[in-house]
Amino acid sequence: MNYSSALGALTAEGSSFDGPNDEATAPTTFLPTAIFLIFMTVITAPANGFLLLALFKDPLRCFRSPSVLLVKSMSAANFLIGVLVEPLQCALYLSLHMRVDTTSGYFPSLYKATQVIAFLANNTSFITVAVLSVDHLIAVCKPMWYKTKLTTKKISMVILLIWLYSALFGFLALTDIPTKMFHKIDLIANTTTTFLLLLSSYVVLAISYSLHRKRPQRGRNDKQEKRDKRFLMTLHRDSRMPHKLNKS
């Protein structure tokens, strides 16, 4: 869930960030949203924290492939969401629920910081999932190229570019771009594009995996047919041997 987009939509309507809230403009969804974010924080932060610990400790030495770096990056982004983004969003929604003056004090700075961190973490997580799907697709379709060309250094460069792009996009939220337009750009450029890439990658991956499974089966069938032919020829030859012996 892109919490920054959800909160940005509220602020764009002028019901929260653009001025003090009153009885008529304060939505009733702020408190349930804050409670939901608390629940998500309790799940997201420990789960991804333990995953990162397992990946970096690696007691069984089974997380050595370059693609594991993508999993670490995604887990780090999700951990950042659980530790910073969701608690900050929760504080913002609680402030809105209590009808705090949102035009002064800590609220504007907290809102801007939350926007930047949220776009950084969310977009990094989304894009990394899409890159992971492409990684799996290459591993199935081009296994030899994948083993020889896709090195740890190249994966690290991809991860660095993802984080840099997400950070730069997050800082764009601090510019003079209108809030509604900015969130539409985020929806199209990041969420929608990433989803389409992820969907198409898994469709091609499913087709490639299906074809990959059929190839060995076809080869085994051909070999079995050759064995059966040899066996039948042997039986036929052996069955004619007594007749030849009798004639002799």
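Conventions adopted
Residues numbered from 1 in each chain as written. Predicted model: local features only at pLDDT ≥ 70, side-chain atom pairs only at ≥ 80, totals over all residues. Heavy atoms only, no water. UniProt positions renumbered as here; feature names shortened; annotations may be inferred. Helix = DSSP H or I, 4+ residues; strand = E, 2+ residues; numbered from the N terminus. pLDDT = per-residue confidence, 0-100. Contact = heavy atoms within 4.5 Å. Axes fitted to C-alpha atoms, helices over the stretch in contact; angles between N-to-C directions. Parallel < 35°, antiparallel > 145°, perpendicular 65-115°, else oblique. Left-handed = near helix turned anticlockwise from the far one by under 90°. Nonpolar A, V, L, I, M, F, W, Y, C, P; charged D, E, K, R; others polar. Phe/Tyr/Trp six-rings, centres within 6.5 Å; stacked < 30°, edge-to-face > 60°. Buried < 20%, exposed > 50% of the residue type's maximum accessible area, 1.4 Å probe, protein only.

The chain is annotated in an unreviewed UniProt entry as G-protein coupled receptors family 1 profile domain-containing protein of Desmophyllum pertusum. Note on the chain: under the UniProt heading Subcellular location (unreviewed entry), the record states "Cell membrane".

**Student:** Which residues make up the UniProt feature "transmembrane region" (unreviewed entry) in the chain, and what values go with them?
**Tutor:** UniProt feature "transmembrane region" (unreviewed entry): in the numbering of this structure it lies at residues 30–56, 77–96, 116–134, 155–175 and 187–211. Across residues 116–134 one finds 100% helix and 0% strand; the C-alpha atoms that close the span lie 27 Å apart. Along residues 155–175 one finds 81% helix and 0% strand; the C-alpha atoms at either end are 31 Å apart.

**Student:** Account for the confidence of the model for the chain, with residues named and values stated.
**Tutor:** When the pLDDT values of the chain are averaged, the result is 78; 73% of them are 70 or greater. Mean pLDDT across the elements of the chain ranges from a minimum in helix α1 (residues 3–12), with 48, to a maximum in helix α6 (residues 152–171), with 92. In the predicted structure, residues 9–25 sits below a pLDDT of 50 and forms 36 contacts with residues beyond four places in sequence or in another chain.

**Student:** Break down the packing of helix α3 (residues 67–97) against helix α4 (residues 107–141) for me, citing the residues and quoting the values.
**Tutor:** It is the contact of α3 with α4, at a shortest axis distance of 8 Å, that shows an interaxial angle of 150°. As far as their axial angle goes, α4 and α3 are roughly antiparallel. In this structure, α3 crosses over α4, and the sense of that crossing is left-handed. Split by residue class, the contact of α3 with α4 holds 22 nonpolar, 10 polar and one charged.

**Student:** Now, about the packing of aromatic side chains: what can you tell me, with residues and values included?
**Tutor:** Per the counting criterion, the structure on display carries five aromatic pairs. Aromatic side chains Phe-119 and Phe-169 sit 5.9 Å apart centroid to centroid with 70° between the ring planes, which places their arrangement in the edge-to-face category. Of the two residues, Phe-119 sits in helix α4 while Phe-169 sits in helix α6, which places them 50 residues apart along the sequence. Residues Phe-119 and Phe-169 agree in their burial class; the two are buried.

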